[in-house]
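Below are the chains, spelled out letter by letter.
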Number of protein chains: 2
Amino acid sequence: MGELSELFVPERIAVVGATEREGSVGRAIMENLVEDFDGEVVPVNPKYDEVFDLPAVGSVGDADADLAVVVVPPHVAVDVVENAGEAGVSNVVVITAGFGETGTEGATREQELTAVAEEYDMNLVGPNSLGIMSTPNGMNATFGPENATEGSMSFMSQSGAFITAVLDWANDQGIGFKDVVSLGNKAVLDEADFVDTWGDDEDTDVIIGYLEGIDAGREFIDTAREVTSDTPIVLVKSGRTDAGAQAASSHTGTIAGSDEAYEAGLEQAGVIRAESVQELFDAARVLENQPLPENDDIAVITNAGGPGVMTTDAVGDSRLSMAEFTDETLDTFSETLPEEGNIFNPVDIVGDADNERFREALDAALADENVGAALVLSCPTAVLDYGELAEDTVELQEKHDKPVAACFMGGERVTSAEEVLTDAGIPNYFDPARAVGGLDALARFRDISRREYDDPVEFDVDRERAREILSSVKGRDDTRLGVEAMDLLDAYGIETPQGDIVDAPADALEVAEGIESDVVMKIVSPDILHKSDIGGVKVGVPNEEVYDAYEDLVTRARNYQPDANIIGVQVQEMVDLDAGVETIVGMNKDPQFGPLLMFGLGGIFVEVLEDTTFRVAPVSESEAAEMTEEIDSAPLLRGARGRDPVDVEGVSETIQRLSQLVTDFPAILELDINPLVAAPDGVKAVDVRLTVDPDQL
Amino acid sequence: MGELSELFVPERIAVVGATEREGSVGRAIMENLVEDFDGEVVPVNPKYDEVFDLPAVGSVGDADADLAVVVVPPHVAVDVVENAGEAGVSNVVVITAGFGETGTEGATREQELTAVAEEYDMNLVGPNSLGIMSTPNGMNATFGPENATEGSMSFMSQSGAFITAVLDWANDQGIGFKDVVSLGNKAVLDEADFVDTWGDDEDTDVIIGYLEGIDAGREFIDTAREVTSDTPIVLVKSGRTDAGAQAASSHTGTIAGSDEAYEAGLEQAGVIRAESVQELFDAARVLENQPLPENDDIAVITNAGGPGVMTTDAVGDSRLSMAEFTDETLDTFSETLPEEGNIFNPVDIVGDADNERFREALDAALADENVGAALVLSCPTAVLDYGELAEDTVELQEKHDKPVAACFMGGERVTSAEEVLTDAGIPNYFDPARAVGGLDALARFRDISRREYDDPVEFDVDRERAREILSSVKGRDDTRLGVEAMDLLDAYGIETPQGDIVDAPADALEVAEGIESDVVMKIVSPDILHKSDIGGVKVGVPNEEVYDAYEDLVTRARNYQPDANIIGVQVQEMVDLDAGVETIVGMNKDPQFGPLLMFGLGGIFVEVLEDTTFRVAPVSESEAAEMTEEIDSAPLLRGARGRDPVDVEGVSETIQRLSQLVTDFPAILELDINPLVAAPDGVKAVDVRLTVDPDQL
C-alpha cells in the first residue's frame, strides 16, 4: 500500500461513473470536484465524450489518475477497482453502495473488493462512502451538499449524513477542517489507518470522529497511543447504551462489542470519548487552538457574582480546581478592586467594572504562577464594551500563553465580540459549564500526552504445562474447565491453596495430612457445574473424616448423574475468607478488542453494586495497579475501617499474570478466578472456571 | 400584606430617587419605565420639578402610587419605605444596595427595613435588587440594559447580572417572559412567595429561577408541591459543589445548607433542578409550550442512521425508552419505506427521503398508541426541504397533541426552518442529546404533576416520656446522650433489644436472667464516648459471668477517667448481626431545611461507598419507602444472593417514627440509630446517639 497520506494529495482524480444526469451521485461529485479542486479532474464514462466540459475517457485505465472515485453500480464496481489496480492507481474511494450493508450477495462482493485492494496494495476508502475531502487542495470528492472550510481538525465518520450535517453547522460556527473521510463499510481502510496518518500530518492539530464500531481494537489502541503523545483524538463512539448498540447493529451491521470494552479500550488508547455531539466539538475546538495548561487550577474573573458561583460549581464537577492566588496577586487585587469585590477566586470585579479593570484583573491572574488557565466571565453592563473585552482577552491569552475560555453571557450584544474570540481560537459559550468543559478537555489531554506506557511485564511461566492442561478439553463436547485446571494458574505463577486432585480416598487422606489446616473437598467433574447444589462440596473436613467424605462425595455425584465423568475429588487447604477480602479477576473475549480483563470485589460488590473495572489485555504493571485503585470499593483493599491492608501488589500481579495467560492462549474464551482471596500476607486463587476453544490450541 | 400578584399590575409607579443624571441608577429606571409602561410614572425627587418631562413630587407620600421603586441612598431608604407605608403604598421594590450584603451596619439597616415592611404589611422586593418586570403591561422597573419580550415563563433570580445576561440571550432565541424578579437580599419576599403567586397566575406557564439559597426550606417544599400539580418549576440552585458553596457564601452571604438537603428538598418539592444554564432553558422551553407525554416511549424518525444511533444512546441515558410500534404501524412502515430503511425504532427512512416520506412516517408514528412523544431527526439532503419539514412537524404535533422534539442538524440551511419550529414552541437543537433532554423533562414533569403527597402518618407515641428523657441533659455541659436514651426510641415505638440499664451487679444479673440469649454489657457514661476503646463493651456474656463483668466494666471506666459520671451498665439482648442487615437511620439539622433524615446500610456502605439517601422531615409513608428503595445497596434488603428478605416495612416505619420524633422535638440537633438491625422477622435499634439543645425543650 502506498503512503495513505497520498490519498489526500492527488494530482489527477478519475471520477468513474461521472455524469451530468440531474440528481445523480456522479453529477454531484463532479460538481463538487470541479468547483475548487487544485488538480485535474478526469471524468470516466464510455457513454460521454465530455462531462462538464472536461474530456471524458472510457476506462479508468486511460485516466492516468492517482486517485479514482468510483460511483458505478455495484455489480461493476469490483471490476472497475481491479482495472484501477492494473493501471497502477493506488488510491480509490468507493462511493457505490450495495456491499456488506445489504445482505449475503453484498457481503461476498465486499470480500472480493477487499481481495482486489489487497492484491494491488491499494488505499481503498469505502464502499458505501460519502467520499473524502481535503481543504488545502480544495478537494471535495463527496456527493454531499456541503464543502468544508479550511482548518486543522481532521474528521472521520462512519455516518455520511453526519458529515453533511456537521459541515453545514461548522461553517456557521467558524469551524474548519483539514481532511474529512466518510469511512463507509471500512472494507480496507479503517479508523486506525486514518488515526495513524493524521498523527503524522503536520496540518492536523486534532483528530475527531464518529464511530459505531472499531474493527481491530488492540491495533487501534497501539496506534492511538503513539498519536496522542502530541495529537488529541476526540471520538463519539455510539451504541453506548443497550438500545443504542441495537440501533447501531441495525444501521451498519456493527457487531457490538460490550461498551465496557470500548470504554476501557478508548481510555487505554488515550482517546477522549465524547458522549454527545456538543461535547465532541466543545473539546475539539479548544484542543485545536489553545495551549495546554501547566496545572489544573483555574482563575475565574467575573463582573457578576451569581454566574461566578455557577462557574465554580462547574469547576467542582470537573477535574479542575479553583486556583489559590499568590500573595502578590492578592495584593494586586486588593489595590485595584473595589471593596465590595472579591479578591479570592472567583474574582468578582463587580458590576461597575470597566474594560480597564477587567483587563488588569485578567492580566494579574494569568501572570500568577499558581494559575494554569483562566475563564473570562461577563454579563452585559452599561460600562463594559464587549468588543474591547474580547480583544483584551485574545491579547492576554497570547501574552501569557496560557489557555483562556470565554463566557460572555448575552445574545446580540455578544455577537461581534464572539467573532473576535472565535477567530483567535477562543470559543465563547452562554453557559459557563461548557466553557469549563473546554478547559477540562485541555487538562485531560495534557495528562494523556504526557503518559508513559510501560510494556507489560513478561513473567517467567510454564507455558508448555499450561498448554497441556488446556488441551485436556480436546475431543470433549464440554470445553469448560473448573478446579481441575487450578494447575493452569500455578503454571502461570498465580498462587493457589495447597492441595491436589485425587481419585482414591487413601490419596485424599494423604493429601489432607500434608495440609496443616482442615481441608475443603470438592467433587471434580466437567459434568457437574453447580457442585454446591448437589452437596458436592464439604468444608472444614478434619483428617479423620477425609476418607468417608471422599466416598460420600462420589456417591452423591453418581446419584445425581450416573454417567457423569468423575475425575476425582479436590482436597484443598481451607483458606480463611475472613482474614482477607474476596476479589474476582476475570476475562472474556470481546469481538473487537479481544481479551477483556475484569476486576472487582467478590460477592455483593460485583453482583449487586456492579462495582467493576475493565482493561483490554495485555496490561502493564501500571494498568493493573489502576484496576485495583479505581473501583469504588478500593478502600476495602487498603485497610478501611481499621483492618490491615491486603497485598494489593499481589492482586495487581495476579491480574498481570492472568493477562499474560490469556494473551498467550487465545484459545481461552473466558476465565474467572472467583474468589481470589487477598489477605495482608498474600493472595490465593481459590477457584477457577474457564472455557476453552480447542480449535485455537 | 396585599395580594402579592398586585406587585406586577400597578397603575401608578413612584420612582423615589428619579433623576436624569447620566450614568445613575435613578435615570436608568426612569428610562426603562417611561419607554413601555402602560400606567403612570411619578418621579419622586425634591430637587426637581420634572424628570423626563414628567412632573415630579417631593415625597413618596405625595405620589398616590400603588408601587414605589426606591433608588435613594441607603441611609435614607428605610425612611422612604416608612413614608410609603404611611401613605398606603403596599408594594415596594428597593433597588438601593448597602444592606445585609455589606456588614454589620448594613445588616442592622436591613432588619429595620424588614420591620417597617411588616409593620405596614408591604410586599417588599430587595433590597439590593435589579428590579422587577412584567411584560403584559410593559413594566420594566429595573436598571438593567435589557427588556424582556412577552412570554409565559416567570423568572426569579438571586443574581441581577444573570437576569441581564439571560434577557439579552433570550431575546435572540425567541424566548419571552411574563414576570421577572431580581430577588436581591430577600429581606421580606423570597422564592416561596413568588412560586406561590406565579402558581396562581394564569399567564405563567413555567416558573424558572436562579437561587443561591432557599430561606425557609420546609415552607418552600409545601408551597412548591401545590404549585407543581400544574405549573412546572425549574431551578438552578448553585453552590452544588464545595467550591461553589464557598463562592455562594462570599457572593450573597448565603449560609450554605448541605447540598444533600437541597437535593432532597427540591426533589420533595417537585422542582426540576437544572445543573446548568443550558439545562434550565432546555427544560423550560418545552415545558412552556408542549403537552405532556402519556408514556415514556418515544419514536425517532430520521433520514440518517448514524445520528439515529446517537439519539438512541441519549434515550438510553434518560428516563425514556424507545417505543415498540404496534403491528399496524410496522405494516405502514413496511409498505412505505424503502427496503434499506429500518421500520423499527429509530425509524430510518433513508437519505433519499423526501418531505412526503418524512411526513407520512411521523404521522404514522405519532398515531401509534404506544408512542408518547416523537423526535424528528434530519440531516441535510438535496431532496429535503427543511422549511416544509418544519411546517409538517408543527402541523403533526398539533394534530396528534403529543410532544415533539426537533433535531434538524445543520447551520445556515436550518435557520429559517428553526424559526418556524421555535414559533410553534418546538425548540431545535444540533445535538440530539439536547432534544431528548427536553422530552425527558416533559416526562419528568408529568410524573411530578401527578404525584399524590400522602400526609405523614401520626403514630401513637409517648411524647411526655420522650420529653423527660431529653430533659435529662438540662443543666449539663455535655448535651449528648447515648444508650441511656434507648428508652427515647421505645417511647416512639421503635423496637429496641430487650434489656435495661442498671447500677448494681445484682440488678445486672437479674436483667440478664430475664433474657434468653447471652447478653451484651456496655458501660453507660456521658463522659465516655468511645466505649470500645477503653474496653467498656463486653459481648456474649453468659449469666454466670454477668456479675464479674459488671464490676470489671466499672473498674475500667474508673481507671480511664476517675471523675467520670457513671450512670451504670447497660445489659442488653445479643442481637445476631449475621441474621440481618445492619442499617443506619440518622438525622441532622440543616440551616435551611431543618431536620434532614439519612438512611443507608451500615459499615462500609455508608463509610466507604457513601451509599446514602436523604429526605427533609417529616416524611410520609411513601417517602420513607422510597428511601429504602433508592440506595444502591437496596437489593441487599430484599434478599439478594439467596438470603431471606428483611423486614423492609419495619425499616420504613422506623424512619417514619424517627421523623415524627425529630419533628416533635426540634431540640434534637442530631441523632443516629446505628445499627438498626433489619432481620426477616423485624428490626431492632441496637444503639443510639443524639445531641440535644436544652434551650429548645
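Definitions and limits used
- Residues numbered from 1 in each chain as written.
- Chains lettered and ligands numbered in written order.
- Predicted model: local features only at pLDDT ≥ 70, side-chain atom pairs only at ≥ 80, totals over all residues.
- Heavy atoms only, no water.
- Axes fitted to C-alpha atoms, helices over the stretch in contact; angles between N-to-C directions.
- Helix = DSSP H or I, 4+ residues; strand = E, 2+ residues; numbered from the N terminus.
- Parallel < 35°, antiparallel > 145°, perpendicular 65-115°, else oblique.
- Left-handed = near helix turned anticlockwise from the far one by under 90°.
- Contact = heavy atoms within 4.5 Å.
- Least-squares fit on C-alpha atoms with pLDDT ≥ 70 in both.
- Buried area = accessible area lost by both parts, 1.4 Å probe.
- Salt bridge = Lys/Arg side-chain N within 4 Å of Asp/Glu carboxyl O.
- Polar contact = N/O pair within 3.5 Å; in protein donor to acceptor, adjacent residues only side chain to side chain.
- Nonpolar A, V, L, I, M, F, W, Y, C, P; charged D, E, K, R; others polar.
- Phe/Tyr/Trp six-rings, centres within 6.5 Å; stacked < 30°, edge-to-face > 60°.
- Buried < 20%, exposed > 50% of the residue type's maximum accessible area, 1.4 Å probe, protein only.
- Lys NZ or Arg CZ within 6 Å of the ring centre and 35° of its normal.
- pLDDT = per-residue confidence, 0-100.
- Expected span 1.5 Å × (residues − 1).

## Some remarks on the packing of helix 12 (residues 355–367) of chain A against helix 13 (residues 386–400) of chain A
Residues and elements named next belong to chain A.
Part 1 of the argument: The contact between helix 12 and helix 13 brings their axes to 10 Å, and the two run at 20 degrees. Accordingly, the angle class assigned to the pair helix 12 and helix 13 is roughly parallel. Where helix 12 crosses over helix 13, the handedness of that crossing is right-handed. In this structure, helix 12 contributes N355, F358, R359, L362, D363, L366 and A367 to the contact, and helix 13 contributes E388, L389, D392, T393, L396, Q397, K399 and H400.

## A look at the relation of the copies chain B and chain A
Part 1 of the argument: Rotating chain B by 180 degrees and translating it 0.0 Å along the rotation axis places it on chain A, where the RMSD comes to 0.1 Å. In short, the pair behaves as if placed about a two-fold rotation axis.
Part 2 of the argument: Mapped onto chain A, 100% of the interface residues of chain B are again interface residues, and the two copies thus contact each other with one and the same surface.

## Regarding the interface of chain B and chain A
Part 1 of the argument: Listed as interface residues are 68 residues of chain B and, on the opposing side, 68 residues of chain A.
Part 2 of the argument: Both sides together, the interface formed by chain B and chain A hides about 5100 Å², and carbon and sulfur atoms give 66% of it.
Part 3 of the argument: Scanning the region where chain B abuts chain A turns up 4 salt bridges.
Part 4 of the argument: Residue R240(A) is joined to D317(B) by a salt bridge in which the shortest nitrogen-to-oxygen separation is 2.7 Å.
Part 5 of the argument: The interface formed by chain B and chain A includes 29 residue pairs in polar contact (both at pLDDT 80 or more).
Part 6 of the argument: Mapped by element, the contributors of at least two residues to the side of chain B that touches chain A are helix 4 (160–173), helix 7 (242–252), helix 9 (277–289), helix 10 (305–317), helix 15 (432–449) and helix 20 (604–607) of chain B.
Part 7 of the argument: Across the side of chain B that touches chain A, the residue classes break down as 33 nonpolar, 19 polar and 16 charged.

## Section: the packing of aromatic side chains
Part 1 of the argument: Applying the stated criterion to the full structure yields 24 aromatic pairs over all chains.
Part 2 of the argument: An angle of 15 degrees between the planes, with centres 5.2 Å apart, marks the rings of Y386(A) and F408(A) as stacked. In this pair, Y386(A) sits in helix 13 while F408(A) sits in strand 19 (residues 404–408), placing the two residues 22 residues apart along the sequence. Like Y386(A), the residue F408(A) is buried in the burial classification.
Part 3 of the argument: Between Y262(B) and F593(B), the ring centres sit 5.2 Å apart and the planes meet at 90 degrees, which makes this aromatic pair edge-to-face. Placement of Y262(B) in helix 8 (residues 259–269) and of F593(B) in the loop between strand 25 (581–590) and strand 26 (594–601) is noted, with a sequence separation of 331 residues between them.
Part 4 of the argument: Overall, Y262(B) belongs to the buried group, its relative accessible area being 1%.
Part 5 of the argument: Taken together, F155(A), F162(A), F177(A) and Y210(A) form an aromatic cluster joined through their ring pairs.
Part 6 of the argument: Geometry around Y262(B) places K237(B) over its ring, the cationic atom sitting 4.2 Å from the centre.
Part 7 of the argument: Above the face of the F665(B) ring, R463(B) is positioned so that its terminal group lies 5.9 Å from the ring centre.

## A closer look at the confidence of the model for chain A
Part 1 of the argument: Mean pLDDT over chain A stands at 93; residues scoring 70 or higher make up 99%.
Part 2 of the argument: With a pTM of 0.94, the predicted complex shows an ipTM of 0.92.

## As for helix 1 (residues 25–36) of chain A
Residue and element names in this part refer to chain A.
Part 1 of the argument: With 12 residues, helix 1 ought to run about 16 Å at 1.5 Å a step, and its terminal C-alpha atoms sit 18 Å apart, in line with that.
Part 2 of the argument: Buried residues in helix 1 make contact with strand 1 (12–16), strand 2 (40–44), strand 3 (50–51), strand 4 (54–55), strand 5 (67–70) and strand 9 (139–142).
Part 3 of the argument: Its side-chain oxygen at 3.1 Å from the backbone nitrogen of R27, S24 defines the N-terminal cap of helix 1.

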